[in-house]
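# Notes for the structure review
Listed below are the residues making up each chain.
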Amino acid sequence: HSDKFLLMYALLKLNRIPGRSLIFVNAVDRGFRLKLFLEQFGVSSGVLNCELPLESRWHAIQAFNKGLFDILIATDDPRLMAARGAAAQATADAVAAGGAVADGEAAAAEGEAAG
């Protein structure tokens, strides 16, 4: 993970990521570790995740919008990610078994493939 963090720092310092940025990571702890890593090099950032109270999340978004920091590190809610993965797996299983896929399931699978 440290190589990825170092790469992110290099991209930021070399202005390869211009302006304010929203960076997604796949785990809450990784978001906090990336924030701490960047702070060691003077890169100010904020964290946004499902474990923070609603008021803290709102404050982080407002601070980002006001320009108090240029990097907002975000993670998805793991419960939502698990639900999306389960829906995509169910659709794939139905297709593999030759079964019919409902329109909503097909749309969910297409959204997963596109995202």
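Going by the structure above, here's the rest.
A short tour of the structure in this document, coming up. (Residues numbered from 1 in each chain as written. Predicted model: local features only at pLDDT ≥ 70, side-chain atom pairs only at ≥ 80, totals over all residues. Heavy atoms only, no water.)

## Observations regarding the packing of helix H1 (residues 2-13) against helix H2 (residues 28-40)
- Taken N-terminus to C-terminus, the directions of H1 and H2 make an angle of 50 degrees; their axes are 10 Å apart at the nearest point. Between H1 and H2, the angle is such that the two are oblique. As H1 packs across H2, the resulting crossing turns out to be right-handed. Counting all contacts with H1, which are made through Phe5, Leu6, Met8, Tyr9 and Leu12, the residues of H2 involved are Arg30, Arg33, Leu34, Phe37 and Leu38.
- When its residues are assigned to classes, the contact of H1 with H2 shows eight nonpolar, no polar and two charged. (Axes fitted to C-alpha atoms, helices over the stretch in contact; angles between N-to-C directions. Helix = DSSP H or I, 4+ residues; strand = E, 2+ residues; numbered from the N terminus. Parallel < 35°, antiparallel > 145°, perpendicular 65-115°, else oblique. Left-handed = near helix turned anticlockwise from the far one by under 90°. Contact = heavy atoms within 4.5 Å. Nonpolar A, V, L, I, M, F, W, Y, C, P; charged D, E, K, R; others polar.)

## Comments concerning the sheet that holds strand S3 (residues 71-74)
- Sheet architecture is open: three strands sit in the order S1-S3-S2, paired in parallel fashion. Of all the strands in the sheet, just strand S1 (21-24) and strand S2 (45-48) have a single pairing partner and so form its edges. The average angle at which neighbouring strand axes cross in this sheet is 25 degrees, direction not considered.
- Relative to S3, S1 runs parallel, the two being bridged by four bridges. Within the sheet, the bridge partner assigned to Leu22 lies in S3 and is Leu72.
- Most of the contacts of H2 go to S2, to which it runs at about 175 degrees, and overall it touches S1, S2 and S3. (Pairing = 2+ DSSP bridges.)

## Observations regarding the pattern of salt bridges
- A full pass over the atoms with the stated rule returns two salt bridges.
- Between Asp29 and Arg33 there is a salt bridge; the shortest N-O distance is 3.2 Å. With Asp29 and Arg33 both in helix H2 and four residues apart, this pair spans about one turn of that helix.
- Since its relative accessible area comes to 36%, Arg33 is described here as partly exposed.
- Close ionic contact of Glu39 with Lys35 constitutes a salt bridge, the shortest N to O distance being 2.6 Å. Placement of the pair is Glu39 and Lys35 together in helix H2, with a separation of four residues, close to one helical turn.
- The class of Glu39 is partly exposed, set by a relative accessible area of 39%. (Salt bridge = Lys/Arg side-chain N within 4 Å of Asp/Glu carboxyl O. Buried < 20%, exposed > 50% of the residue type's maximum accessible area, 1.4 Å probe, protein only.)

## Points about the nonpolar core
- Judged by nonpolar contacts, Phe5, Met8, Tyr9, Leu12, Ile23, Val25, Leu34, Phe37, Leu38, Val43, Ile71 and Ile73 together constitute the single largest core of twelve residues.
- Contributions of two or more residues to this core are made by H1, H2 and S3.
- It is H1 that contributes the most residues to this core, four residues altogether.
- Not counting the four nearest positions on each side in its chain, Leu12 is found in contact with Ile17, Leu38, Val43 and Ile71. (Core = buried A, V, L, I, M, F, W, Y, C linked by side-chain atoms within 4.5 Å.)

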